Amino acid sequence: MRFTKMQGAGNDYIYLNGFNRLPSHLNELSQKMSDRHFGVGSDGLVVILPSENCDFRMRMFNSDGTEAEMCGNASRCVGKYVYENGLTSKTELTLETLAGVKHLKLHIHEGKVHQVSVDMGEPILSAQEIPVNISNSPIVAYPMAIEDNLFEITCVSMGNPHAVIFLDDLDRYDLHHIGAIVENHELFPRRTNVEFVEILSPEHLKMRVWERGAGETLACGTGACASLVAAVLNKKANRRATLHLLGGDLQIEWEEKSNRVYMTGGAVTVFEGEWPDDKTNILWY
């Protein structure tokens, strides 16, 4: 089974072409291939499929095997994959995800995709739709006690749930410990992604992310979008800013007129390979 490993701002996934044969039990396959000691090593698995209503469809699985709604960094890599592998010659694409239809604009240089802009849609601020077990919306600077610390969370969905916490110094806290607690807190019936954000200036935000089902990753596109929305709601940032993540920078804009969030960043092919069928022990369909 051929695969391609790609990364966007260090958020690395394994990509499969689902136009041909495809293994069943993709959640199990994601766990095996994502293992960084015994597998390929990744934050998860992305399958590119045909769509009845869009140019392409994307399914993504976290490294723990759970299926997620979508990933902004992964969607950019999907755009690069389909263009550079000859599945399309279009530079503006529609991508079907469990979080709705996303619109991609490919930026081409010398025949290669070097950046992709994604229309991430409108942020969801309704507690019921995020979802969060809180009656009031929007959830801005809501106090949450974690052991000996009191944090304020701002909750946003970009098709998947996010809890954003603003800190003066990211290095002062054990973010792995806090992230795991917040992800599985009773407030979040479907768990949540957790973003820790330090405001450097109104145009520059430093961010680390604890991803639901994957732990800390180098980047999260939907998390970067949610973080900017949360920063604007808390009057801490402008509507257009650079998000500095461990894996690189993302340009995020929350357009006031349309209420839509736009993300621009790179997409990189790391390597291609072949995963032996006998390592999956699963059926094909």
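Each value, and the rule that gives it
Residues numbered from 1 in each chain as written. Predicted model: local features only at pLDDT ≥ 70, side-chain atom pairs only at ≥ 80, totals over all residues. Heavy atoms only, no water. Salt bridge = Lys/Arg side-chain N within 4 Å of Asp/Glu carboxyl O. Helix = DSSP H or I, 4+ residues; strand = E, 2+ residues; numbered from the N terminus. Buried < 20%, exposed > 50% of the residue type's maximum accessible area, 1.4 Å probe, protein only. Phe/Tyr/Trp six-rings, centres within 6.5 Å; stacked < 30°, edge-to-face > 60°. Lys NZ or Arg CZ within 6 Å of the ring centre and 35° of its normal.

Overview of the pattern of salt bridges
Here's step 1: Applying the stated criterion to the full structure yields 14 salt bridges.
Here's step 2: Residues Asp12 and Arg36 are paired through a salt bridge, measuring 3.0 Å at the closest nitrogen-oxygen approach. Placement of the pair is Asp12 in strand S2 (residues 11-17) and Arg36 in the loop between helix H1 (26-34) and strand S3 (44-49), with a sequence separation of 24 residues.
Here's step 3: With a shortest N-O distance of 3.2 Å, Glu28 and Lys32 are connected by a salt bridge.

Considering the environment of Gly100
Here's step 1: For Gly100, the location among the structural elements is in strand S7 (residues 100-109).
Here's step 2: Residue Gly100 is classed as partly exposed on the basis of its relative accessible area of 30%.
Here's step 3: Considering only alpha carbons, one finds Gly100 and Met158, 58 residues apart in sequence, at a separation of 10.0 Å.

Some remarks on the packing of aromatic side chains
Here's step 1: Evaluated as defined, the whole model comprises three aromatic pairs.
Here's step 2: Centroid distance Phe3 to Phe271: 6.2 Å. Interplanar angle 80°. Geometry classified as edge-to-face. In this pair, Phe3 sits in strand S1 (residues 2-8) while Phe271 sits in strand S18 (residues 268-274), placing the two residues 268 residues apart along the sequence.
Here's step 3: Given a relative accessible area of 6%, Phe3 falls into the buried group.
Here's step 4: For the cation-ring pair, Lys236 lies above Phe166, with the distance from its terminal atom to the ring centre recorded as 5.5 Å.
Here's step 5: A cation over a ring is seen here: Arg239 above Trp254, with NZ or CZ 4.3 Å from the ring centre.

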